[in-house]
Amino acid sequence: MTLIPATVPLPALPRRRQLLLGTALAAGASAMFQLALVGMYLNERAAHKNVWLTENTIPLTQPNMMLGTLVLACVFVQWAVWAIARNERGQSFLALGVTLLLGFGFLNQATFLWTEVKMPLTSVEGPLFYATTGANFFAIAASLVYLALMSIRAIGGQFSSRRPDGISAPALFFYVNVAVYAVIWLAVHIMK
Amino acid sequence: MAMTETRPETLPVSADAEAPTGLSTPSALERLLGTGDHKVVGRIFMCVSLLAMAVDLALGALVSLQASQTDALLDANLITRLTMAHPVGLVLCGAIPFFLGLAIYLVPLQVGSPTIAFPRAAAMSLWSWVLGTVLSAVAVAANGSYGGESLKMSRLGHVSVGLLLASLIVGSICVATTVLSHRAAGMSLDRVPFFSFSMLVSSVIWVLSLPVLLAVVVLYQIQRPSAATLASVAFPAMEWFFHQPTVFMFALPVLGIFLDIASSASSERVSGYGIAQAAIGAAGLLSFGAWAQSALARDTAIFGIGAIAFALPVVVVLGAGLDTLRRGSGKPTPALVAAGSSIVLLLVAAVTGAVGAVLTLGDGNLSEFATGGFAAAALGEATNLGAGIAVGQFYLVVAAGLVGGLAAIAHWSSRIWSNPVAGTTAGPIALVGMLGGLLFGLPHVVLGFALPNPDVARTIALVAAIGGFLAGTAAFAGHGAATLSSLEPGSPEDVETEGTAELQGGTLEWLTASPAPQGNFSEPLAVVSSPYPLFDGPEEGDSK
């Protein structure tokens with residue numbers, strides 16, 4: 001027995017792309033914040049190139065693995081966006097779960113890298129190194145929290161092919177922060 | 001499973017609705033602190049920011065007054081603290097939050113939305129900004145902030161700047177998202193009212209610029225700086241924010257305010273709507289200055305061209321407004337005169353920068369503060385051309401923002417308050433602000449260009465001090481009028497019901513009752529087919 005007549009109109013859609021547009025602006029702010037730190041890092045490195053990283057070393061293994069992890073996570077989060085737009089809810093939850101797992105893997109590697117580097121804050125490059133990598137760490141962590149919250153709301157049935165923004169918005173925030181990590185990887189870890 | 005995304009504040013309220021039994025009715029304070037109503041949030045933003053602006057203008061005037069005297073009027077350390085605190089306060093506690101508050105109130109009405117985007121984020125932006133403002137004032141008062149001697153209070157002042165920046169970023173995102181996603185049916189971006197469009201441009205520029213300054217704050221906080229380091233290293237690293245081209249972004253909304261008021265005063269459409277919008281967009285683009293932080297970046301041809309080019313969009317907007325007035329039939333109102341004055345102030349600031357760029361291009365002097373800084377220039381001790389010019393330009397832009405803001409209060413007061421006090425007083429107050437702003441800014445420009453002998457410099461600084469106090473008085477009077485209007489509702493005959501309001505403009509905010517009801521519009525809006533839907537006739541082709 002059903003109480004809902006077949007002709008019932010669909011509920012009104014929320015405001016057009018509010019979440020996606022708001023997230024895009026927030027992602028822009030996040031990127032500017034981190035890129036400003038990268039700019040200051042490069043500026044200071046150019047000003048102190050004779051003493052930069054002479055007493056400290058940054059290993060390459062962890063940063064490379066971290067980049068690989070994030071690239072893989074991007075594939076999975078895009079899978080989640082693709083799946084929710086086609087009402088493939090099972091696939092979407094699986095992809096979101098794997099993304100969160102990979103994201104936590106990234107955070108774990110980042111903290112491990114800091115323990116390996118053991119760079120003192122009193123060194124000339126220390127504050128900028130921690131500010132740059134730390135800002136990205138928190139941005140990626142915020143992306144994961146955002147994704148996790150939206151995953152819970154997706155489980156509650158809030159997002160579907162009619163309203164995929166709930167997943168695509170945190171995905172956009174995640175992509176932007178991964179792109180910024182790629183810049184940090186190149187500027188801080190590779191070019192030293 | 002039934003779910004709803006409708007915010008409580010957008011639900012229609014039934015007059016005979018009763019509170020569920022067992023639940024206590026929230027007190028007035030609880031309702032105030034917990035509100036997501038964009039109208040309440042916007043009013044508080046405006047009232048508090050005008051007070052902060054008044055205080056910071058008075059502090060700036062004190063600094064100029066000290067520069068005009070040979071004897072010490074106040075403790076030297078206090079003067080140093082005030083010198084560094086007042087530009088930060090004028091921008092982060094005054095100009096930007098005032099326009100954000102006005103936008104949080106007005107933009108939803110202009111674009112036909114029942115609420116602001118992310119209302120809880122807007123409320124969070126307000127209260128964290130209020131907290132940041134209070135902490136910043138406490139830090140300065142307790143021998144801290146930049147130039148202070150107390151380590152804890154200096155760091156508190158530094159952190160409070162970070163809190164202010166984060167709050168303003170959140171508020172800017174709410175405003176920009178409202179314009180982008182909450183527009184009424186048919187209102188494409190090229191039909192958005194000028195004030196809302198200028199706030200879209202301003203918000204985007206703020207969202208891209210404020211995080212860069214926040215990065216500087218965070219970096220120096222990580223370094224666990226001493227009080228001396230904050231004054232001698234951190235503050236100079238932040239000075240690009242107060243100078244050309246970034247300085248212009250604090251007054252961008254006055255471009256939209258002027259065009260909307262010109263259209264209303266003349267009951268005429270602005271012709272060349274797209275060109276005027278493009279001019280506002282170009283002004284926004286030219287005011288993005290995060291790239292020009294170092295002296296090296298400022299000593300380039302691009303910087304010089306940008307400095308000269310900024311005057312062009314201001315002239316275009318001024319021309320569009322004057323053309324509208326010429327074609328219209330209205331009389332000059334105090335709001336119109338004040339809005340025009342704010343554009344003139346902005347133009348003077350732009351021309352000042354352009355002339356400075358021409359005279360100093362290649363010398364690295366236009367905004368060269370490394371050889372004296374804001375402090376030296378404000379104290380009349382500038383030893384290079386650029387320092388005085390840039391400080392004067394800063395005051396002129398802030399004054400343009402103040403006068404434009406007061407013009408907006410005079411023009412839209414009937415949309416914001418039922419009490420007519422703010423509407424009737426804000427126009428004349430704005431003209432006092434105009435005079436004060438000119439007297440505050442131009443003497444510093446003269447000091448920068450002429451580098452006169454100390455006796456003449458002291459006299460000029462005295463004129464600047466008088467101007468600063470006048471501008472501060474205007475801001476304080478504006479705060480008083482806005483606060484009084486917020487606390488005291490108008491008499492029943494002052495309350496306009498929907499459809500009875502005297503039509504003062506062609507944009508949607510003039511359609512609804514004043515003050516606007518919950519949800520802003522009691523009836524569904526018709527599809528918008530032009531930038532001025534209220535000027536459109538009832539039948540197609542009957543548009544004015």
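Parameters at a glance
- Residues numbered from 1 in each chain as written.
- Chains lettered and ligands numbered in written order.
- Predicted model: local features only at pLDDT ≥ 70, side-chain atom pairs only at ≥ 80, totals over all residues.
- Helix = DSSP H or I, 4+ residues; strand = E, 2+ residues; numbered from the N terminus.
- Contact = placed C-beta atoms within 7 Å.
- Buried ≥ 20, exposed ≤ 12 C-beta atoms within 10 Å, placed from the backbone.
- Nonpolar A, V, L, I, M, F, W, Y, C, P; charged D, E, K, R; others polar.
- Axes fitted to C-alpha atoms, helices over the stretch in contact; angles between N-to-C directions.
- Parallel < 35°, antiparallel > 145°, perpendicular 65-115°, else oblique.
- Left-handed = near helix turned anticlockwise from the far one by under 90°.
- Core = buried A, V, L, I, M, F, W, Y, C linked by C-beta atoms within 7 Å.
- Expected span 1.5 Å × (residues − 1).
- Bend = angle between axes of the 7 residues up to and from the residue.
- pLDDT = per-residue confidence, 0-100.

Chemist: What's the story with the overall build of chain B in this structure? I'm lost.
Modeler: Within chain B, the secondary structure is distributed over 17 helices and 0 strands. The long-range fraction of contacts in chain B, counting pairs at least 24 apart against all pairs at least 6 apart in sequence, stands at 84%.

Chemist: What's the story with the overall build of chain A in this structure? I'm lost.
Modeler: Within chain A one finds 5 helices and 0 strands. In sequence order, the secondary structure elements of chain A are arranged as α-α-α-α-α. Projected onto its principal axes, the C-alpha positions of chain A cover 80 × 25 × 20 Å. Here chain A, with 192 residues, has 38% of them falling under the buried criterion.

Chemist: Quick question: what am I supposed to make of the interface of chain A and chain B here?
Modeler: Frequently, the measure chosen for interface size is the accessible area that the parts lose on association. Of the residues lining the interface, 23 residues belong to chain A; the matching set on chain B comes to 23 residues. Secondary structure elements with two or more residues in the side of chain A that touches chain B: helix 1 (18–47) and helix 4 (126–155) of chain A. Among the elements that make up the side of chain A that touches chain B, the one with the highest residue count is helix 1 of chain A (12 residues). Here the residues of the side of chain A that touches chain B sort into 14 nonpolar, 6 polar and 3 charged.

Chemist: For this particular structure, what's the right way to read the packing of helix 16 (residues 421–450) of chain B against helix 17 (residues 454–487) of chain B?
Modeler: How two helices pack is summed up by the angle between their axes together with the distance between the axes. Residues and elements named next belong to chain B. Close contact between helix 16 and helix 17 brings their axes to 7 Å; oriented N to C, the two are set at 160°. Judged on the interaxial angle alone, helix 17 and helix 16 are roughly antiparallel. Like other packed secondary-structure pairs, helix 16 and helix 17 cross with a definite hand, here left-handed. Here the contact of helix 16 with helix 17 is built from residues that sort into 27 nonpolar, 10 polar and no charged.

Chemist: Would you explain the environment of B:A85 in this entry?
Modeler: All names here are of chain B. Checked against the element boundaries, A85 lands in helix 3 (residues 76–111). Its 29 C-beta neighbours within 10 Å are what place A85 among the buried residues. Taking C-alpha positions, A85 is 8.7 Å from S136, a pair spaced 51 residues apart along the chain. Look past the residues within four positions of A85 in its chain and what remains in contact with it is L59, V140, S145 and Y146.

Chemist: I keep staring at the environment of A:A182 and nothing clicks. Help me out?
Modeler: With respect to the secondary-structure elements, A:A182 resides in helix 5 (residues 165–190). Taking the C-alpha atoms as reference points, A:A182 and A:A83, separated by 99 residues in sequence, lie 26 Å from one another.

Chemist: What exactly am I supposed to notice about the nonpolar core here?
Modeler: Across soluble globular proteins, nonpolar side chains show a tendency to be buried alongside one another. Residue and element names in this part refer to chain B. Judged by nonpolar contacts, the single largest core of 237 residues is most densely connected at L165, V317, V397, L406 and A407. Ranked by the residues each element gives to this core, the list is headed by helix 3, at 22 residues. Once residues lying within four places of it in the same chain are set aside, the contact partners of L406 are A338, A426, I429, A430, G433, A474 and G478.

Chemist: It is not clear to me how unusual backbone geometry should be interpreted in this structure. Could you clarify?
Modeler: Peptide bonds are trans in most cases, and residues, glycine excluded, mostly fall at negative phi. The peptide bond linking B:Q244 to B:P245 adopts the cis configuration, its omega dihedral lying at 0°. Take B:P245: it is sitting in the loop between helix 7 (227–238) and helix 8 (253–266). Phi at A:L53 takes a positive value of approximately 55°, unusual for a residue other than glycine. Owing to 16 C-beta atoms within 10 Å, A:L53 belongs among the partly exposed residues under this scheme. The phi dihedral of B:F118 falls on the positive side, at around 50°, and the residue is not glycine.

Chemist: Explanation requested: helix 3 of chain B in the structure shown.
Modeler: For the α-helix, the turn length of 3.6 residues means that residues three or four positions removed from each other point alike. Along its 36 residues, helix 3 of chain B runs 50 Å from first to last C-alpha, staying within 8% of the 52 Å computed at 1.5 Å per residue. The largest bend in helix 3 of chain B is about 35°, located at B:P97.

Chemist: Would you take a moment to explain the packing of helix 6 (residues 194–222) of chain B against helix 7 of chain B for this structure?
Modeler: Residue and element names in this part refer to chain B. It is the contact of helix 6 with helix 7, at a shortest axis distance of 9 Å, that shows an interaxial angle of 160°. With respect to helix 7, the axis of helix 6 lies roughly antiparallel. Judged by the twist between their axes, the crossing of helix 6 over helix 7 is right-handed. Counted together, L213, V216 and Y220 of helix 6 and L230, A234, A237 and M238 of helix 7 form the full contact between these two elements. When grouped by side-chain class, the residues that make up the contact of helix 6 with helix 7 number 7 nonpolar, no polar and no charged.

Chemist: Explanation requested: the environment of B:S329 in the structure shown.
Modeler: Residues and elements named next belong to chain B. Considering the arrangement of structural elements, one finds S329 in the loop between helix 12 (311–327) and helix 13 (334–360). Under the C-beta neighbour-count criterion, S329 is labelled exposed, with 9 such atoms within 10 Å. In this structure the C-alpha to C-alpha distance between S329 and S266, which are 63 residues apart in sequence, comes to 5.3 Å. Residues contacting S329, with those up to four places away along its chain left out, are S266 and S267.

Chemist: For this particular structure, what's the right way to read the confidence of the model for chain B?
Modeler: Detailed conclusions should not be drawn from predicted coordinates in areas where pLDDT is low. Residues and elements named next belong to chain B. Looking at chain B as a whole, its pLDDT mean stands at 86, while 86% of the residues score no less than 70. This stretch, residues 1–17, has a pLDDT under 50; its non-local contacts, to residues over four places away or in other chains, come to 18 contacts. This model gives residues 539–544 a pLDDT under 50, and the stretch forms 7 contacts once residues within four places in sequence are excluded.

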